[in-house]
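Here is what each chain is made of, one letter per residue.
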Amino acid sequence: MKKKVLILLVVAVLAIAPAAAAQYRGASEEGTVGIGLNLGTNTGLGLKFGMGDFDIFANIGLNFLGMEFDPFQFNLGGDVGVAYEVYDVDFGGGHHMPITVGLWFPMGFGFGEQFAFSLDALVHAGIEYQIPDVPVLFSFRLGLGLGMDIAPKFKLGFGYAVALGVMYVF
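Parameters at a glance
Residues numbered from 1 in each chain as written. Predicted model: local features only at pLDDT ≥ 70, side-chain atom pairs only at ≥ 80, totals over all residues. Heavy atoms only, no water. Pairing = 2+ DSSP bridges. Helix = DSSP H or I, 4+ residues; strand = E, 2+ residues; numbered from the N terminus. Axes fitted to C-alpha atoms, helices over the stretch in contact; angles between N-to-C directions. 1 Å grid on protein atoms, 1.4 Å probe; cavity = no way out; pocket = protein on both sides within 12 Å on 5 of 7 lines; lining within 4 Å. Points joined across faces, edges and corners; volume = space filled by probe spheres on them. Nonpolar A, V, L, I, M, F, W, Y, C, P; charged D, E, K, R; others polar.

**Here's the deal with the sheet that holds strand S8 (residues 155–169)**
Sheets are built from strands that pair by backbone hydrogen bonding, the pairs being arranged parallel or antiparallel.
Move 1: On the basis of which strands lie adjacent, the closed barrel formed by eight strands has the order S1-S2-S3-S4-S5-S6-S7-S8 and antiparallel pairing. Shown here is a sheet whose adjacent strand axes are inclined to one another by a mean of 25°, direction ignored.
Move 2: Where strand S5 (residues 95–111) meets strand S6 (residues 116–130), 10 bridges bridge the pair, whose relative direction is antiparallel. In the sheet register, Met107 faces S6, and the bridge partner there is Leu119.

Have a look at this one:
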């Protein structure tokens, strides 16, 4: 019974989040692109695109934490998401830290004795900081929601992802 309530709660939050975030804008300037390193559930290349009303982010790399650990299996991860700025902490002098929320869809691919595939649907919150007059962006993002192991066996459960990144923005 608790599992059903948790799943219904996650689905409700996933349905409401985009409508609630529609009144906000992205944290990055429109037309900017960031590329850098992402550490976390998926460790590898991080990308970010400033779209004006929202930001799109994507990561691709090794999936260390998102799938069950098997020392004889190669795990690759990829994810995509959208972020909206909900509040901007202004420290003065051009220093500010946008607080973001949005949706995040991490995917995991396992290559070993059996192929494994997982897909999560997460609501995330994050913070960003860009050094004034320097095109370097630091970010932290935490997502919680519904986790789905699709192959080799289907299983629903709790999903999570975390990312700490540094990017060059141009």
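Resuming the write-up.
**Quick notes on empty space enclosed by the protein**
Move 1: Evaluated as defined, the whole model comprises two cavities of 30 Å³ or more.
Move 2: Quantified by volume, the largest cavity comes out at close to 120 Å³.
Move 3: At the level of secondary structure, the elements contributing two or more residues to the lining of the largest cavity comprise strand S3 (55–63), strand S4 (74–92), S5, S6 and S8.
Move 4: Tallied by class, residues from the lining of the largest cavity come to seven nonpolar, 10 polar and two charged.
Move 5: When its volume is computed, the second largest cavity comes out at roughly 70 Å³.
Move 6: Residue lining of the second largest cavity: Asn38, Leu47, Lys48, Phe57, Asn59, Glu128, Ser139, Arg141, Ala163, Gly165 and Met167, and that is the complete set.
Move 7: Contributing elements (two or more residues each) for the lining of the second largest cavity: strand S2 (42–50), S3, strand S7 (136–151) and S8.
Move 8: No other element matches S8, which puts three residues into the lining of the second largest cavity.
Move 9: Classifying every residue of the lining of the second largest cavity by side-chain character gives four nonpolar, four polar and three charged.

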